[in-house]
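The primary structure of each chain is shown beneath.
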Amino acid sequence: MSDQKISVAASPAPVAAPTAAPKHRVDPLAIIVRFQSLIGLVLVAIGGIIFSPRRHGEILFLNPDNIANIVRAVSETGIIAIGMTFVIITAGIDLSVGAVLGLSAVVTATMMISGGFGLIATILAVLVMGTVFGIVQGTISTRFRLEPFIVTLAGLQAARGLALVVSGNQYINISYGDGPGLAPPVFAVLGERLFDNTVPVATIVFIIFAAIATLVLNTTRFGRYVYAVGGNERAARISGVPVSMVKISVYAITGFASALAGIVHAGQFNFGSANDGMGYELTAIAAVVIGGTSLFGGAGSMVGTVAGTIMLGALANILQLNNITPAMQLLATAAIIVLAAVLQSLVRRREGLGR
């Protein structure tokens, strides 16, 4: 009997069934933080409608004149907040913006009333002054690696001091006309309203500035650099991003924005004073933080800042309509700021980004 070799074909190994890709877990808290300014604005608007006083059946909060007053009141701080957004996205801060507004208002009034300068020359000079002020602060902070908080705090004191020197610690009233010691009448348009006396000119300036800043931040290489520096400065530097230039540039933008707000302020109220803009830096920072821009840098949007600015203005308006004291208004604003910062911190911890 001959030996037979029986070959047995190896059976193929079973093929594992493809596993479904892990689903990305949506964090509700992150969504809330991302849209917190819009959510807050809607809630404040609803609260305004509910708690607004009525007159002859009309909701005063929704009165067109009242809405116009809200957006006019926030125009100056809104312009500053737009500039501040650039700085905070890079994880910086600028405490000098309110003082630069005061200095700009004083210089604007002085140049036109005492110096006899024309409108265009005055506006250009003041905008350049504010921009240079920001460049100096950004350069000092970057060149000597100093904390922006300290540098801009010193800048606040310097701007207030310069405003006192220029104004002689006096209000500089702006009167309009064609003779010596009078400002060009066209400058008064900043205090007026257009479109059937409904839309303040100051608000139009705010909206245009916000639109330009949005385009710069979202569509240009510089805007990408701003996010990169705030997200990870070391990685941005290694990738070839001119970190120092970006940092100096964002402080130049805040200086420009503060000067623009100072011009608007002088035009709205027809005077310049060294005390103008006191506390505006805190309101602007609050609007930016409430708008969803991270104090840790690397995240934020102009739309959020605009919504945060209007939300703060609407909240203050509701409290005023109900005769709530200014002290309670400050406490309510402080609570909202703390809540926004806490939400940002919680999201970072969930994402493993630390404090």
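Scoring rules and cut-offs
Residues numbered from 1 in each chain as written. Predicted model: local features only at pLDDT ≥ 70, side-chain atom pairs only at ≥ 80, totals over all residues. Heavy atoms only, no water. Helix = DSSP H or I, 4+ residues; strand = E, 2+ residues; numbered from the N terminus. Buried < 20%, exposed > 50% of the residue type's maximum accessible area, 1.4 Å probe, protein only. Areas by Shrake-Rupley, 256 points an atom, 1.4 Å probe, with all protein chains shown as cover. UniProt positions renumbered as here; feature names shortened; annotations may be inferred. Salt bridge = Lys/Arg side-chain N within 4 Å of Asp/Glu carboxyl O. 1 Å grid on protein atoms, 1.4 Å probe; cavity = no way out; pocket = protein on both sides within 12 Å on 5 of 7 lines; lining within 4 Å. Points joined across faces, edges and corners; volume = space filled by probe spheres on them. Nonpolar A, V, L, I, M, F, W, Y, C, P; charged D, E, K, R; others polar. Contact = heavy atoms within 4.5 Å.

Caption draft 1: Structural detail: the overall build of the chain. Looking only at helices and strands, one finds 14 helices and six strands in the chain. Here the chain, with 355 residues, has 44% of them falling under the buried criterion. Entry remark: accessible area of the chain is about 18700 Å², with carbon and sulfur atoms responsible for 66%.

Caption draft 2: How the structure looks around the UniProt feature "transmembrane region" (unreviewed entry) in the chain. Mapped onto the present numbering, the UniProt feature "transmembrane region" (unreviewed entry) falls on residues 31–52, 73–93, 113–136, 199–217, 248–266, 278–296, 303–321 and 327–347. Here residues 199–217 is 89% helix and 11% strand, with 26 Å between the C-alpha atoms at its ends. A helix fraction of 100% and a strand fraction of 0% characterise residues 327–347, whose end C-alpha atoms lie 31 Å from each other.

Caption draft 3: The arrangement of unusual backbone geometry in detail. One non-glycine residue, Ala91, lies in positive phi territory at about 70°. Assignment of secondary structure puts Ala91 in the loop between helix H4 (75–89) and helix H5 (97–113). A positive phi angle is found at Asn169, which is not glycine, with a value near 60°. Relative to the elements of secondary structure, Asn169 occurs in the loop between helix H7 (148–167) and strand S3 (172–173).

Caption draft 4: Geometry of the pattern of salt bridges. In total, this model carries three salt bridges according to the counting rule given. Glu233 serves as the salt-bridge partner of Arg237, at 2.9 Å between the closest nitrogen and oxygen. One end of the pair is Arg237 and the other is Glu233, both in helix H10 (residues 233–238) and four residues apart, which spans about a single turn. Under the relative-accessibility criterion, Arg237 is labelled partly exposed at 46%. Connected through salt bridges with shared partners, the residues Glu233, Arg237 and Lys247 form a single ionic network.

Caption draft 5: Just the layout of surface pockets, in detail. Taken as a whole, the largest pocket encloses approximately 920 Å³ of empty space. Around the largest pocket sit 34 residues that line it, and Thr77, Thr283, Leu312, Ala316 and Thr333 are the ones nearest its centre. Taken together, the elements giving at least two residues each to the lining of the largest pocket come down to helix H3 (64–73), H4, helix H11 (243–269), helix H12 (280–290), helix H13 (302–321) and helix H14 (326–350). Considering only residue class, the lining of the largest pocket consists of 21 nonpolar, eleven polar and two charged.

Caption draft 6: Representation of the environment of Val42. If you trace the backbone, Val42 turns up in helix H2 (residues 36–51). Remark: the alpha-carbon pair of Val42 and Met311, spanning 269 residues in sequence, is separated by 8.5 Å.

Caption draft 7: Here's a closer look at the side chain of Thr122. You can see Thr122 is positioned in helix H6 (residues 119–143). Accessibility expressed as a relative area gives 1% for Thr122, which makes it buried. Those residues in contact with Thr122 that sit more than four places away from it in its chain are Thr108, Met111, Met112 and Phe117.

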